[in-house]
Amino acid sequence: MEQVQTLPTILLVEDDQLIQSIVEEALTEGGFEVSIFASGEEAVAALNHKTFRAVVSDIHLSGKMEGWDVARVAREIDPVLPIIYMTGKAAEEWSSKGVPNSVLLTKPFAPAQLVTAVSQLLNAGTPTGNAP
């Protein structure tokens, strides 16, 4: 019996539909499946019911949760889950609010930068030392 290979699924949390579509297209073309959520609350609910290979999240979201919160919950579920933050305004908060071994992309960024960041984190596997 032939085994069907499934694409790695990335959880995308972004409330801006234009950015959602740009990021989804980039990740899909990069060989990933994408599950999109507009709020942190929806994303956390999904994290509790499905396994994802990485989380890509905007920082400022509609609803009460921010991207920082989504990442913390995701890491409670899977301590080595790759996290990529996207932001236009919150980059200076990354060192205090971001989870360890995460990546922050400042908007605007090239879609290829995101695909590269996701791929590098997935290929890195379990961190074995200090973050650079």
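All residue numbers refer to positions counted from 1 along the written sequence of the respective chain. Predicted model: local features are reported for residues with pLDDT of at least 70 only, side-chain atom pairs are reported and counted for 80 or more only, and whole-chain, interface and lining totals are derived from all residues. The basis for the side-chain values is all heavy atoms of the structure; hydrogens and waters are excluded.

Engineer: What am I meant to see in the pattern of salt bridges here?
Structural biologist: It is possible for side chains bearing opposite charge to pair when their charged atoms get close. The salt bridge criterion pairs a side-chain nitrogen of Lys or Arg with a carboxyl oxygen of Asp or Glu, the two atoms within 4 Å. Counted by the stated rule, this structure contains four salt bridges. Of the charged contacts in the structure, one is a salt bridge between K107 and D58, with a shortest N-O distance of 3.1 Å. Residue K107 is located in the loop between strand 5 (103–106) and helix 5 (111–124), and its partner D58 is located in strand 3 (residues 54–58); the two are separated by 49 residues in the primary sequence. Relative accessibility under 20% of the residue-type maximum defines a buried residue, over 50% an exposed one, and the middle range a partly exposed one, all with a 1.4 Å probe and only protein chains included. Assessed through its relative accessible area of 22%, K107 is described here as partly exposed. Linked by salt bridges that have partners in common, E14, D58 and K107 make up one network. Working definition: helices are DSSP H or I runs of at least four residues, strands are E runs of at least two. Numbering for both runs from the N terminus.

Engineer: Help me understand the environment of R72 in this model?
Structural biologist: Positionally, R72 belongs in helix 3 (residues 67–77). Through-space distance from the C-alpha of R72 to that of K97 is 9.2 Å; in sequence the pair is 25 residues apart. Note on definitions: a residue-residue contact is assigned when non-hydrogen atoms from the two residues lie within 4.5 Å. In contact with R72, other than residues within four places in its own chain, are K97 and V99. For this analysis, a polar contact is any N or O atom pair within 3.5 Å, provided that within protein one partner can donate a hydrogen and the other can accept it, and provided that sequence-adjacent residues contribute only side-chain to side-chain pairs. A distance of 2.7 Å separates polar atoms of two side chains, one belonging to R72 and the other to D69. At 3.3 Å, the side chain of R72 forms a polar contact with the backbone oxygen of K97.

Engineer: I keep staring at the sheet that holds strand 5 and nothing clicks. Help me out?
Structural biologist: Neighbouring strands of a sheet are bound in pairs by backbone hydrogen bonds; such pairs are parallel or else antiparallel. Taken in spatial order, the five strands make up an open sheet running 2-1-3-4-5, and their pairing is parallel. This sheet does not close on itself; its edge strands, each paired only once, are strand 2 (33–37) and strand 5. Each strand axis lies, on average, 20° off the axis of its neighbour in the sheet, ignoring direction. In this sheet, strand 4 (residues 83–87) lies alongside strand 3 in parallel orientation, the contact comprising four bridges. Paired with V55 across the strands is I83, a residue of strand 4. Contacts from helix 3 reach strand 1 (9–13), strand 3, strand 4 and strand 5, with the element oriented near 175° to strand 4. The strands touched by helix 5 within the sheet are strand 1, strand 3, strand 4 and strand 5, with strand 4 carrying the most contacts at an inclination of about 160°. By this definition, two strands are paired if DSSP reports at least two bridges between them. A fitted line through C-alpha atoms serves as each axis, taken over the contacting stretch for helices, and the angle formed by two N-to-C directions is quoted from 0 to 180°.

Engineer: Could you clarify how one ought to interpret the pairing of strand 1 in this entry?
Structural biologist: Remember that side chains alternate between the two faces of the sheet whenever the strand is regular. A large share of strand 1 lies buried, amounting to five of its five residues. On strand 1, burial covers both faces: T9, L11 and V13 on one face and I10 and L12 on the other are all buried. As judged from the five bridges shared by strand 1 and strand 2, these two strands associate in the parallel manner. Within strand 2, the residue paired with T9 across the bridge is E33. Handedness of the strand 1-helix 1 (residues 17–29)-strand 2 crossover: right-handed. Crossovers are described as right-handed under a simple rule: with the strands pointing away from the observer, the path leading from the first strand over the helix to the second runs clockwise.

Engineer: In this structure, what is going on with helix 2 (residues 40–47)? I would like to understand it.
Structural biologist: Each turn of an α-helix holds 3.6 residues, which means side chains three or four residues apart point in the same direction. Listed in full, the buried residues belonging to helix 2 are G40, A43, V44, A46 and L47. The buried residues of helix 2 occupy an angular sector of 160° when the element is viewed end-on, so they sit on one face. Here the buried face of helix 2 lies against strand 1, strand 2, strand 3 and helix 3. The arc in question is traced by the directions running from the helix axis to the C-beta atoms.

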